[in-house]
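# Descriptive structure summary
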Amino acid sequence: MIKGTIVKALSGYYYVQTAEGLLTCKARGRFRLGGTSPLVGDRVCCSVDANGLGRVDLIEPRRNWFIRPAVANVDALVFVAANTNPVTDPFLIDRVSVIAADAGCELIICINKTDLAHGGQLFAIYQQAGFPVFQVSAVTGEGIPELRSALEGKVSAFTGNSGVGKSSLLNCLLPGLQLETAEVSRKLGRGKHTTRHVELYALGGDTYLADTPGFASFEVEMIRTIPKEDLQFAFREFSPYIGKCRFQDCMHLKEPGCAVVQAVLDGEVPKSRHASYMRLYELSAQQKSWEIKQN
Ligand code: GDP
Ligand code: ZN
């Protein structure tokens, strides 16, 4: 029995990183029948046949898993943002922050292109909300060592709006990877090639980066399946105020005596975070309860 992590899945083969190196595996038929197929990121137990071909025998319980992109056991989602060209809408970050909270993974905010513009308001919002925020530049290398050390020992997946520099940053962290950036596509005179399959790259030790730049954002549809009453718990900076509102069933929208709304007025909770909360609450409320139960 050999233990390892699936780092790539392609054409029915799984590539498993083991202590002894990369093992090419076929999955057992039973996984397909049972509806659980192995995913990139899965920790698995394998056996090897006489020809040296591996077989995935067992998938260890997952910490979490996503369908789009298809990846399991993500420790940290890294939202790559920029304060210029293009400026990231905080709502996009907040959506992913809810997805991260729901999946039980950390959210790291990375504001790129600091050679052009510093994080400014974006930096202030997420630092105040209590997230790790890094200001980096894929061009000058500023902040890259700090980001790298925040990713140590974790499986991280990058997300963020198009053009913020996800491919450039992955290339920076993984020299030799050479993902196609928008700059390269422009020189080649074509649209950016965006891969839709996920691959994990080892950064050394137990550190892996999922190459997911083709995915603008993680399964936004997931938010619709979160009951509206639970959404408040996905906003970490609300927690000191929850339970202190006048009404016990307060949903922190605009009820009188709401401690969260008061914290926004007092400048303790970023206004844009609360605005995103209200928007997502509306989205979730539109979902019929039977649809939530089905998921
Ligand atoms: P993606 O769509 O998020 O993968 O973004 P790309 O990596 O393709 O980058 C989009 C554009 O921004 C390209 O023209 C890059 O050269 C440029 N870019 C990426 N990072 C930086 C940076 O830190 N500073 C500057 N000035 N430009 C950058
Ligand atoms: Zn309230």
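Residues numbered from 1 in each chain as written. Chains lettered and ligands numbered in written order. Predicted model: local features only at pLDDT ≥ 70, side-chain atom pairs only at ≥ 80, totals over all residues. Heavy atoms only, no water.

## Points about the overall build of the protein chain
Along its length, the protein chain carries 9 helices and 13 strands. Since a compact globule built from 295 residues should have a radius of gyration of about 19 Å, the 21 Å found for the protein chain is in line with a globular shape. Overall size of the protein chain, expressed as C-alpha extent along the three principal axes, is 70 × 45 × 35 Å. Within the protein chain, the proportion of its 295 residues that are buried is 47%. In the protein chain, the share of contacts with a sequence separation of at least 24, taken over all contacts with a separation of at least 6, comes to 63%. Element-wise, carbon and sulfur atoms account for 52% of the exposed surface of the protein chain, whose accessible area totals about 14,500 Å². When the 32 positive and 30 negative side-chain charges of the protein chain are each reduced to one mean point, those points stand 5 Å apart. (Helix = DSSP H or I, 4+ residues; strand = E, 2+ residues; numbered from the N terminus. Rg over C-alpha atoms; globule rule 2.2 N^0.38 Å. Buried < 20%, exposed > 50% of the residue type's maximum accessible area, 1.4 Å probe, protein only. Contact = heavy atoms within 4.5 Å. Areas by Shrake-Rupley, 256 points an atom, 1.4 Å probe, with all protein chains shown as cover. Lys, Arg positive; Asp, Glu negative; His and termini not counted. Charge placed at Lys NZ, Arg CZ, Asp CG, Glu CD.)

## Considering the domain arrangement of the protein chain
Splitting the protein chain by domain gives domain 1 (2–61), domain 2 (66–221) and domain 3 (225–291). One C-alpha centre belongs to domain 1, the other to domain 2, and the line joining them spans 27 Å. Across the boundary between the two partners, domain 1 contributes 12 residues, which contact 11 residues of domain 2. Carbon and sulfur atoms make up 57% of the surface buried where domain 1 meets domain 2, a total of about 930 Å² over both sides. A per-residue breakdown of the area domain 1 buries against domain 2 is headed by Val7, Leu39 and Val40, which together make up 43% of the total. Here domain 1 is connected to domain 2 by 0 salt bridges. At the surface where domain 1 touches domain 2, the tally comes to 3 residue pairs in polar contact (both at pLDDT 80 or more). Residue composition of the side of domain 1 that touches domain 2, grouped by class: 6 nonpolar, 3 polar and 3 charged. (Domains from an automatic or database assignment. Buried area = accessible area lost by both parts, 1.4 Å probe. Salt bridge = Lys/Arg side-chain N within 4 Å of Asp/Glu carboxyl O. Polar contact = N/O pair within 3.5 Å; in protein donor to acceptor, adjacent residues only side chain to side chain. Nonpolar A, V, L, I, M, F, W, Y, C, P; charged D, E, K, R; others polar.)

## Concerning the layout of surface pockets
Space inside the second largest pocket adds up to approximately 290 Å³. What lines the second largest pocket is a set of 12 residues, and nearest its centre among them are Trp65, Phe66, Ile67, Glu219 and Met222. Broken down by secondary-structure element, the contributors of at least two residues to the lining of the second largest pocket are β6 (65–66) and α2 (90–103). Looking at the lining of the second largest pocket residue by residue, the classes come out as 5 nonpolar, 3 polar and 4 charged. (1 Å grid on protein atoms, 1.4 Å probe; cavity = no way out; pocket = protein on both sides within 12 Å on 5 of 7 lines; lining within 4 Å. Points joined across faces, edges and corners; volume = space filled by probe spheres on them.)

## Comments concerning the pairing of strand β2 (residues 13–18)
Of the two faces of β2, the one lined by Tyr14, Val16 and Thr18 is fully buried and the one lined by Tyr13, Tyr15 and Gln17 carries no buried residue. In this structure, strand β1 (residues 2–10) lies alongside β2, joined through 6 bridges in antiparallel fashion. Within the sheet, the bridge partner assigned to Leu10 lies in β2 and is Tyr13. Between β1 and β2, which follow one another and run antiparallel, lie 2 residues, and Ser11 among them has a positive phi close to 45°. By the bridge criterion, 6 bridges tie β2 to strand β3 (residues 21–27) in an arrangement that is antiparallel. (Pairing = 2+ DSSP bridges.)

## What to know about the nonpolar core
Counting residues in each nonpolar core, the largest one holds 63 residues, and the members touching the most others are Phe66, Leu77, Ile93, Val98, Leu107, Ile109 and Tyr126. With 7 residues, the single largest contributor to this core is α2. Discounting chain neighbours no more than four positions away, the residues touching Phe66 are Leu39, Val71, Val74, Ile99, Ala103, Cys105, Phe218, Glu219 and Met222. Residues Val78, Ile108, Phe134 and Leu174 belong to the second largest nonpolar core, which totals 22 residues. (Core = buried A, V, L, I, M, F, W, Y, C linked by side-chain atoms within 4.5 Å.)

## What to know about the coordination of the zinc ion (ligand 2)
Around the zinc ion (ligand 2), the protein contributes the donor atoms Cys245 (SG), Cys250 (SG), His252 (ND1) and Cys258 (SG), at 2.1 to 2.4 Å from the metal centre. Around the zinc ion (ligand 2), the 4 donor atoms sit at angles spanning 101 to 114°, and that spread fits a shape best called tetrahedral. Spacing between the donor residues of the zinc ion (ligand 2) along their common chain follows C-x4-C-x1-H-x5-C. Remark: Cys258 occurs in the loop between β13 (207–211) and α7 (259–265) and Cys245 occurs in the loop between β13 and α7; sequence separation between them is 13 residues. Judged by relative accessible area, Cys245 falls into the buried class, the value being 14%. (Donors = N, O, S within 2.8 Å, 3.2 Å for Na, K, Ca; no water. Tetrahedral: all angles 85-135°; square planar, octahedral: opposite > 155°, others 65-115°.)

## Focus: the environment of Pro213
Relative to the assigned elements, Pro213 resides in the loop between β13 and α7. A relative accessible area of 14% means that Pro213 is categorised as buried. Distance in space between the C-alpha atoms of Pro213 and Glu20 is 29 Å, their sequence separation being 193 residues. Those residues in contact with Pro213 that lie beyond four places of it in its chain are Lys166, Ser167, Leu170 and Leu179.

## Things to note about the pattern of salt bridges
Taken as a whole, this structure holds 8 salt bridges when the rule is applied. In this structure, the salt-bridge partner of Arg55 is Asp57, at a minimum N-O distance of 2.9 Å. Here Lys154 and Glu106 are joined by a salt bridge, their closest N and O atoms 2.9 Å apart. Placement of Lys154 in the loop between α4 (144–150) and β11 (155–159) and of Glu106 in strand β9 (residues 106–112) is noted, with a sequence separation of 48 residues between them. If you follow the salt bridges from partner to partner, you end up with Asp94, Glu237 and Arg273 in one network.

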